[in-house]
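Summary of structural features
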Amino acid sequence: MRVLVFNPAGKESCIREECCVGGYPLAPPAQAALAAQYLHDRGFDATLIDNQTKGIPEAGFTRLLEGSDAVVAWVGLYGTLYSDVAILKAAKARGVSTLMVLNDPIETLEREAMERFPYIDVAVRLFEREMTIAEVLGRLKAGKGLAGIRGIVYRKEGKVIDTGTRPPEKDLHHLGSSVETLQTLDLKRYKEGLVVSGRGCPFLCAFCLFQGTVQRTRKPADVADEMALLSEHTRFSYVLDLNMFHVKPFIGELVKELSARKIDHFWKTDARVNEVDDATLRSMVKAGLAELILGVESVSPEVIKAIRKGITPQLALDAYRTTKRAGIIPYIELMFGFPWDSQRSARESMAFFSKLKAPTIVGTSVLRPLVGTLVYAACRKHRLIPELQLDDYVHALERPLITRTISLDRRALLRQVRLLGARTLTLNAQTRLSGRYQEIHGRADGRERLDESVRYLKGFAYQKMFGA
Ligand code: SF4
């Protein structure tokens with residue numbers, strides 16, 4: 001059975017990974033590569049096409065699809081969904097079976113997409129989607145129906161049927177290494193590498209799609225093999241894992257595997273602030289860890305409690321300082337626009353910012369309430385948002401999903417978001433120009449990203465978004 005695994009081109013490069021979607025330096029599609037490899041290892045004639053580097057226009061899809069029996073498309077929700085599904089429409093018109101992997105996989109949206117786009121045969125839900133894809137394709141190959149497969153939304157006798165999520169596996173060892181598939185891509189075209197090392201997180205943050213999910217890791221040797229390959233073409237990779245620091249033995253093994261390969265490569269990953277420690281960080285630095293994304297989200301005790309983040313402002317500051325002492329650039333992520341955000345929480349964020357020194361990156365974003373989360377329910381309860389649908393998320397980059405909080409009206413929220421964004425500009429600029437940042441990313445990259453942030457703030461995206 002010939003299967004085309006397809007990562008669409010966007011207007012700008014972006015990633016469409018299960019736990020990370022949005023604008024990003026051009027990087028190979030990690031999860032799609034794993035799925036293509038998984039299918040290949042199980043006897044499917046699977047080819048991965050990354051259209052970010054191939055640049056095949058829609059008019060060329062017919063030719064691309066020649067000889068294919070099925071297409072599996074990785075589809076991004078924010079801004080790109082309507083163009084990302086074009087390959088599925090072209091495939092269906094040629095009688096090719098169509099499967100969609102939607103990221104973010106927000107509860108209810110896969111079903112809504114199926115109702116809206118009749119040319120999609122199957123939407124693949126969480127978890128372990130590569131297993132579900134193989135199961136669906138196996139049934140199609142045998143000419144059998146899809147009844148009984150967990151983790152899909154599919155069509156039967158004119159109805160859209162949702163079979164719920166697939167139970168997660170204990171680990172991700174079934175994935176193997178995707179080196180063979182990655183080698184089919186034009187790796188020298190990518191600016192950065194992208195590797196998945198694990199999935200799931202047992203914590204209970206009330207805004208997060210993956211809260212309370214079983215944490216599963218891949219085999220460290222497979223992750224290291226992929227990083228070794230990418231290190232031949234790029235100097236920096238993002239190792240995607242919701243919570244690697246929760247499984248310290250995995251980190252120990254990964255460090256061992258990377259050190260054994262003597263890879264000259266920098267990388268970053270994510271961490272909760274209550275889980276980083278000096279010894280672990282220092283061991284990771286020796287294996288190339290150079291940046292660490294610290295998911296702080298809020299430094300307001302009231303908001304932290306309401307979103308069940310389970311940290312304190314002091315813990316956030318301690319983790320920040322420990323990260324810096326280890327020689328790693330901290331990347332602090334803060335969100336604003338939670339229902340409980342106020343003038344006071346904005347002041348608390350500003351006070352926190354004043355304690356940060358370059359090289360440090362700060363990312364501030366406006367909350368996107370995701371259907372199915374407790375924060376979404378709170379936004380509804382306080383009448384801050386209407387019921388959100390597919391279209392709202394697709395246009396979330398131009399029209400914010402949240403425009404006020406319990407105590408801040410539209411104008412006041414915009415003002416706080418602008419102040420927070422502007423406050424980070426100097427720090428991020430100093431960081432991009434710092435020796436350490438340019439050692440990690442190269443001089444040209446530092447300047448390019450600095451220009452990007454200045455353009456962004458000058459164009460004042462938030463202001464446009466809020467229609468102010
Ligand atoms: S720590 Fe919280 S935000 Fe991060 S993945 Fe876990 S539940 Fe989600």
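A brief look at the structure comes next. Remember, predicted model here, so these are calculated numbers, not experimental data.

Once that is clear, we can look at the sheet that holds strand S16 (residues 329-336). One open sheet holds the six strands; their spatial order is S10-S13-S14-S15-S16-S17, and the pairing between them is parallel. Either end of the sheet is taken by a strand with one partner, and the two such strands are strand S10 (193-196) and strand S17 (361-366). Strand-to-strand, the axes of this sheet are offset by a mean angle of 20°, without reference to chain direction. Two elements, strand S14 (residues 266-271) and strand S15 (residues 289-297), share five bridges in a ladder whose sense is parallel. In the strand pairing of S15, Lys 268 is matched with Glu 291.

All right, on to helix H11 (residues 278-286) then. Among all positions in H11, only Thr 280, Leu 281 and Met 284 are buried. Each buried residue of H11 sits inside an arc of 95° when the element is viewed along its axis, so together they form one side. Opposite the buried face of H11, by more than 90 degrees, sit the exposed residues Asp 278, Ala 279 and Lys 286. For H11, the secondary structure elements touched by its buried residues are helix H10 (248-260), S15 and helix H13 (313-325). Taken from the residues just after H11, Gly 288 is the one with a positive phi, measuring 105°.

Right, let's talk about the packing of helix H14 (residues 343-353) against helix H17 (residues 410-432) for a bit. Across the interface, H14 lies against H17 with an axial gap of 11 Å and an inter-helix angle of 5°. When the axes of H14 and H17 are compared, the pair comes out roughly parallel. Between H14 and H17, the contacting residues are Ala 346, Ser 349, Met 350 and Phe 353 on the first element and Gln 416, Leu 419, Leu 420, Arg 423 and Thr 424 on the second. Its residues placed into classes, the contact of H14 with H17 shows five nonpolar, three polar and one charged.

This part covers the sheet that holds strand S4 (residues 45-50). Strand order across the open sheet formed by seven strands is S4-S1-S5-S6-S7-S8-S9, with mixed pairing between neighbours. The open sheet terminates on both sides in strands that have one partner only, identified here as S4 and strand S9 (159-162). Within the sheet, the average angular offset between the axes of one strand and its neighbour, ignoring direction, is 20°. Alignment of strand S1 (residues 2-7) against S4, held across six bridges, turns out to be parallel. Its bridge partner lying in S4, Val 5 is registered against Leu 48. Here helix H5 (residues 86-93) sits on the sheet in contact with S1, strand S5 (70-76) and strand S6 (97-103), set at roughly 160° to S5.

Cut-offs applied
Residues numbered from 1 in each chain as written. Predicted model: local features only at pLDDT ≥ 70, side-chain atom pairs only at ≥ 80, totals over all residues. Pairing = 2+ DSSP bridges. Helix = DSSP H or I, 4+ residues; strand = E, 2+ residues; numbered from the N terminus. Axes fitted to C-alpha atoms, helices over the stretch in contact; angles between N-to-C directions. Buried ≥ 20, exposed ≤ 12 C-beta atoms within 10 Å, placed from the backbone. Arc of directions from axis to C-beta. Contact = placed C-beta atoms within 7 Å. Parallel < 35°, antiparallel > 145°, perpendicular 65-115°, else oblique. Nonpolar A, V, L, I, M, F, W, Y, C, P; charged D, E, K, R; others polar.

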